[in-house]
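Examination of the molecular architecture
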Amino acid sequence: MLHTINPEILFLKQEDVIKAGLLDMKQILAVTEKTYAMLSQGLIKNPPKTNTSIPDKENWQSFFNAMPCYIGGDINIGGIKWAAESKKNATIPGIPYGIDISILSDPETVLPFCILDGTLITAMRTSAVGGLMAKYAAPSDADTACLVGAGVIGRTMISAVHEALPQIKTMYLCDIDVAKAEGIAKEYGDSLGVEIIPTSDSKAAALKSQLIVGETTAQAVHGYLLAHERLRPRLHALQRGDGGRLPQGRRHRRRLLDTAQAAHEPAVQAHERGQAR
């Protein structure tokens, strides 16, 4: 976007962003990969988010995050995401746990030109980051994945893992509410040509898998994924969020850092060669 002087604002609801191609995971993965490459080249300004927790950070029942960003290069757009979550929403049918909106602005005239629903965008982007990490860091011969959590991210993560690692033919979808996992398995299994096995036994599923993905905000799951006994050779463990603690010990920390670096460098190198997909 360059030198917008039209004061009109385009409003896009969730149905509109879906029509624009948001559910095309292959496209979202490509955009995500390009974004990481641009970030490494200094083309993106991504300052820390500002958090407002209610009633406070330690005992929050809801929160709002202000997340500003500027993307330069051939994108040249400024914007902000207003991301919010409410624990109460988990008990109210039909209302998402997290609700996001985004505002896009011209960086020269600073006129806002678009306000759009960001809830599903967040879900697709979150899963795309996981898929991209798995693409470059998971064992090349991985054929089985363990996905922990059958919420909104559970749905989109299935698509991300399938698109990033088409050789994976079996996915365990773990949730304490097996019915949720069964519903997602029926919805996605046949269309993707992947066997999706619903289960509440995440431990057994993890031991059978070469890729483990935590797609829940439950802190206990983060600690479980990174436990010493589950960090074994030929395994990639990926956790969502910042709720988990790294396991103690230099070897385990090094392994995690190496995995992150392995996922970061190929995207940058591919972009520099003009091969970023």
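Remember, it's a predicted structure, so these values are computed and weren't measured experimentally.

So, on to the pairing of strand β5 (residues 77-86). The pairing of strand β4 (residues 62-71) with β5 spans 10 bridges and is antiparallel. Note that in β5 the partner of Ser-62 across the bridge is Ser-86. Count of turn residues in the β4/β5 antiparallel hairpin: 5 residues, of which Gly-73 carries a positive phi of about 60°. As defined by bridge partners, β5 adjoins strand β6 (residues 98-105) across 8 bridges and the pair is classed as antiparallel. Note on β6: the bridge partner recorded for Trp-82 is Ile-101.

Moving on: the side chain of Thr-199. Residue position: Thr-199 is located in strand β10 (residues 195-199). On the accessibility criterion, Thr-199 (17% relative accessible area) is buried. A polar atom in the side chain of Thr-199 sits 3.0 Å from the backbone nitrogen of Asp-201. Residues within four places of Thr-199 in sequence aside, it is in contact with Tyr-172, Leu-173, Cys-174, Asp-175, Val-178 and Ala-205.

Looking at the secondary structure, you find Ser-159 in helix α4 (residues 152-164). For Ser-159 and Ala-128, which are 31 residues apart along the polypeptide, the C-alpha to C-alpha distance reads 8.8 Å. Setting aside chain neighbours within four positions, we find Ser-159 in contact with Met-25 and Tyr-188.

Compared with the 27 Å implied by 1.5 Å per residue over 19 residues, the 27 Å span of helix α3 (residues 119-137) between its first and last C-alpha is a close match. What α3 keeps buried is the set Thr-119, Leu-120, Thr-122, Ala-123, Met-124, Thr-126, Ser-127, Ala-128, Gly-130, Gly-131, Leu-132 and Ala-134.

Criteria and cut-off values
Residues numbered from 1 in each chain as written. Predicted model: local features only at pLDDT ≥ 70, side-chain atom pairs only at ≥ 80, totals over all residues. Heavy atoms only, no water. Pairing = 2+ DSSP bridges. Helix = DSSP H or I, 4+ residues; strand = E, 2+ residues; numbered from the N terminus. Buried < 20%, exposed > 50% of the residue type's maximum accessible area, 1.4 Å probe, protein only. Polar contact = N/O pair within 3.5 Å; in protein donor to acceptor, adjacent residues only side chain to side chain. Contact = heavy atoms within 4.5 Å. Expected span 1.5 Å × (residues − 1).

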